[in-house]
Amino acid sequence: MDLADKSVTGRIRHAPVPTVYEPTTLASMTPPHPHHPQASAGTTGKGRPRTGGRSHGAAARSIEDHAGAVADLLRRGPWPEREAQWIPLERATGRVLARQVVAEVDLPPFTNSQMDGYAVSAAATAADAGATVVLRAGAPAPAGHVPAQLEPGQAVPVMTGAPMPPGADAVVPVEECEPGGFQPAGRPVRIPAGQSAGRFVRPAGEDVRAGASVLAEGTELTAQAVGVCASLGLREVLVRPALRVGILTTGDEVVPPGAARGPAQIFDANAAILRAALACAPVEVVGSFHVPDDDAALRSLLRERVRAGERAADLWVTSGGISEGAFEVVRKVLSDPGAAEFSEFLHVAMQPGGPQGLAMVEGIPFVCLPGNPVSTWVSAEMFLHPALNTVLGGPPPRVVIRVPSADDLHPLPGRTRVVRAHWDGSAVRRVGGYGSHLLAAAARANALIILPPGADPVPAGSEVAVRLLP
Ligand SMILES: Nc1nc2c(c(=O)[nH]1)N[C@H]1C(S)=C(S)[C@@H](COP(=O)(O)OP(=O)(O)OC[C@H]3O[C@@H](n4cnc5c(N)ncnc54)[C@H](O)[C@@H]3O)O[C@H]1N2
Ligand code: MOO
């Protein structure tokens, strides 16, 4: 690839994206090679990391501590200051209530039948002798209609969900009566004797009493929760603001899926991974961007987008460019106190996902994940997911179970291994190898085995902690 090709790489853009790289800017950047470490230092006019650079030799941070640090960073960003918003119920799934929901009506709103059957007065079915009593069918009471009064000696055909006829206090399923099937009005119906009052009757207010708090503030709006809001007649709910997220991928080698790909290039997996990983949370992805390994390009993106007013993100999630290479664009730029008021690039005692970074740029948090696709995904799962749960109130925490592993497992000294696995309800099996590039194998996983540090293999049959994925 020559320099002209490289300038094309520099214009990779993922939609939606503003114009970040002007060809003229690129042309002026290309000589000297922008990836040469010296050229890079020359471009910035500053040397290697000053603030928050890699803490070489420092002990690796624990997974829990780093998840906590991500949550703390989020809390210090603009999101907690954003106002709650009213949104239509049909767009509320996955959002989190900013205010409790108080019922204005009873649920059920009226006493109704739980079965298709005959509404009767239980007292009228008392019998001195015999197993049945004979009543006369009344006019049917369908759902959605106000029924007539139950007359003495009557059994009123009542449908599931129909209001109970006044005077009736029990429902006898039609299949328990004779003859089978509903009888025309006036015809005799044989009903099993001794019905108890309340049988198959759903009293008004049994589920919810008008005036009661039905859903607490902070409740994630699941299918059931939006269902109960709808049952209460609500068309809108007041929810916590969605977290506005900017996604940033990096690397000269990365091109968008389907774009022309050079012989040393790969398609971008991480933008898709991050977008999907965030989809379970009350998050709005406000832009997905890509920069090559070019400090000036990232600086220019930060200048244009971090304070982009209405379009600004509350959080940036980046992938790649943070480890020990010569062209680590994210680490180099964000380690500059002129670009970021806070940054730290460190190792977490976890594999995959060891290299990690955090930064604050003009008050906006940056969570910097490692570039290997499995590392990006596992990092999002282990750090972003819990932080979103802690700070935003959703998505719900993952379930962790302890079950025997079907395979031998190979821990690492000093680092927790996050092993891609498949849980079928009775056994957990490892899928694919341990490498952080093995994304196709990871796609078969529905669980992660959290394997603590260790020196010796863990034999099959040993109990392991398994984090279940949705
Ligand atoms: N000397 C050292 N080298 C490396 C270390 C280390 O500790 N010392 N750590 C390794 C580990 S572990 C990881 S993970 C990676 C993390 O590196 P970066 O975050 O700087 O990521 P890159 O170098 O930019 O990329 C790593 C890898 O991932 C591919 N990649 C990057 N972006 C994408 C994307 N959007 N879609 C698909 N694939 C992507 C990239 O081509 C590289 O293969 O560092 C190790 N090295
Ligand atoms: O820690 Mo890296 O994330 O193994 O690939």
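Residues numbered from 1 in each chain as written. Chains lettered and ligands numbered in written order. Predicted model: local features only at pLDDT ≥ 70, side-chain atom pairs only at ≥ 80, totals over all residues. Heavy atoms only, no water.

(A) Spatial organisation of the overall build of the protein chain. Across its full length, the protein chain holds ten helices and 25 strands. In the protein chain, buried positions account for 49% of the 470 residues. For the protein chain, contacts bridging at least 24 residues in sequence account for 73% of all contacts bridging at least 6. Accessible surface computed for the protein chain: about 21,100 Å², of which carbon and sulfur atoms make up 54%. (Helix = DSSP H or I, 4+ residues; strand = E, 2+ residues; numbered from the N terminus. Buried < 20%, exposed > 50% of the residue type's maximum accessible area, 1.4 Å probe, protein only. Contact = heavy atoms within 4.5 Å. Areas by Shrake-Rupley, 256 points an atom, 1.4 Å probe, with all protein chains shown as cover.)

(B) A look at the site of ligand 2. Around ligand 2, the surrounding shell consists of Gln-351, Pro-352, Gly-353, Gly-354, Pro-355, Asn-372, Ser-375 and Ser-436. At 2.2 Å, a side-chain N or O of Ser-436 approaches an oxygen atom of ligand 2. Because more than half of its atoms lie within 2 Å of the grid, ligand 2 is assigned to the largest pocket. Class assignment for the residues of the shell around ligand 2 results in two nonpolar, six polar and no charged. (Near = heavy atom within 4 Å. Polar contact = N/O pair within 3.5 Å; in protein donor to acceptor, adjacent residues only side chain to side chain. 1 Å grid on protein atoms, 1.4 Å probe; cavity = no way out; pocket = protein on both sides within 12 Å on 5 of 7 lines; lining within 4 Å. Sits in = over half its atoms within 2 Å of the grid points. Nonpolar A, V, L, I, M, F, W, Y, C, P; charged D, E, K, R; others polar.)

(C) Seen up close, the environment of Val-133. Within the element layout of this structure, Val-133 appears in strand β5 (residues 132–137). Placed 60 residues apart in sequence, Val-133 and Ala-193 show a C-alpha to C-alpha distance of 5.6 Å. Setting aside residues up to four positions removed in sequence, Val-133 forms contacts with Ala-124, Thr-125, Ala-126, Ala-127, Val-189, Arg-190, Ile-191 and Ala-193.

(D) Broad picture of the sheet that holds strand β15 (residues 283–291). If you walk across this open sheet you meet the six strands as β15-β12-β16-β20-β19-β17, and the pairing is mixed. Since the sheet does not close on itself, it has two edges, and those belong to β15 and β17 (342–347), each with one partner. Ignoring strand direction, the axes of neighbouring strands in this sheet form an average angle of 15°. Pairing of strand β12 (residues 243–250) with β15 involves eight bridges; the strand directions are parallel. Following the sheet pairing, Thr-249 is matched in β15 by His-290. Across the sheet, helix α6 (residues 270–278) touches β12, β15, β16 (315–319) and β20 (364–369), and the angle it forms with β12 is around 160°. Packed on one face of the sheet, helix α9 (residues 373–392) meets β12, β15, β16, β19 (355–361) and β20 and runs near 150° to β20. (Pairing = 2+ DSSP bridges. Axes fitted to C-alpha atoms, helices over the stretch in contact; angles between N-to-C directions.)

(E) Fine view of the site of ligand 1. For ligand 1, the set of nearby residues contains 22 residues, the closest of which are Glu-253, Asp-268, Ile-322, Ser-323 and Gly-371. Interatomic distance of 2.9 Å between a side-chain N/O atom of Ser-323 and an oxygen atom of ligand 1. Gly-371 is positioned such that a nitrogen or oxygen atom in its backbone is 2.9 Å from an oxygen atom of ligand 1. Alone, ligand 1 offers 870 Å² of accessible surface; in the complex the protein occludes 69% of this. Among the cavities detected, the one that contains ligand 1 is the largest pocket. Of all the secondary structure elements, the ones that give two or more residues to the shell around ligand 1 are β12, β14 (266–267) and α9. By residue class, the composition of the shell around ligand 1 is eight nonpolar, ten polar and four charged.

(F) Here's a closer look at the nonpolar core. Ranked by size, the top nonpolar core spans 43 residues in total, and within it Leu-243 and Trp-377 carry the most contacts. If you count residues domain by domain, this core takes at least three from each of domain 1 (31–82 + 241–392) and domain 3 (400–468). Residues contacting Trp-377, with those up to four places away along its chain left out, are Ile-273, Arg-420, Ala-442, Ala-445, Leu-448 and Leu-469. (Core = buried A, V, L, I, M, F, W, Y, C linked by side-chain atoms within 4.5 Å. Domains from an automatic or database assignment.)

(G) Broad picture of the environment of Pro-165. Examined against the element boundaries, Pro-165 turns out to sit in the loop between β6 (154–158) and β7 (170–173). Sequence-distant contacts of Pro-165, defined by excluding residues within four places in its chain, comprise Ala-119, Pro-147, Ala-148, Leu-150, Val-156 and Val-158.

(H) Representation of the UniProt feature "domain: MoaB/Mog" (unreviewed entry) in the protein chain within the structure. UniProt feature "domain: MoaB/Mog" (unreviewed entry): in the numbering of this structure it lies at residues 246–390. End C-alpha to end C-alpha, residues 246–390 measures 20 Å, and it is 30% helix and 30% strand. (UniProt positions renumbered as here; feature names shortened; annotations may be inferred.)

(I) Molecular detail of the domain arrangement of the protein chain. By the assigned domains, the protein chain splits into domain 1 (31–82 + 241–392), domain 2 (112–202) and domain 3 (400–468). Relative placement of domain 1 and domain 3: their C-alpha centres are 27 Å apart. Every contact between the two is made by 17 residues of domain 1 and, on the other side, 18 residues of domain 3. Summing both sides of the interface, domain 1 and domain 3 together bury roughly 1,300 Å²; the carbon and sulfur share of this comes to 64%. Residues Glu-381 and Arg-467 are paired through a salt bridge, measuring 2.9 Å at the closest nitrogen-oxygen approach. In this structure, the connection of domain 1 to domain 3 is made through seven residue pairs in polar contact (both at pLDDT 80 or more). Elements with a minimum of two residues in the side of domain 1 that touches domain 3: β18 (350–351) and α9. A total of nine residues in the side of domain 1 that touches domain 3 trace back to one element, the largest contributor, which is α9. Here the side of domain 1 that touches domain 3 is composed, by residue class, of twelve nonpolar, four polar and one charged. (Buried area = accessible area lost by both parts, 1.4 Å probe. Salt bridge = Lys/Arg side-chain N within 4 Å of Asp/Glu carboxyl O.)

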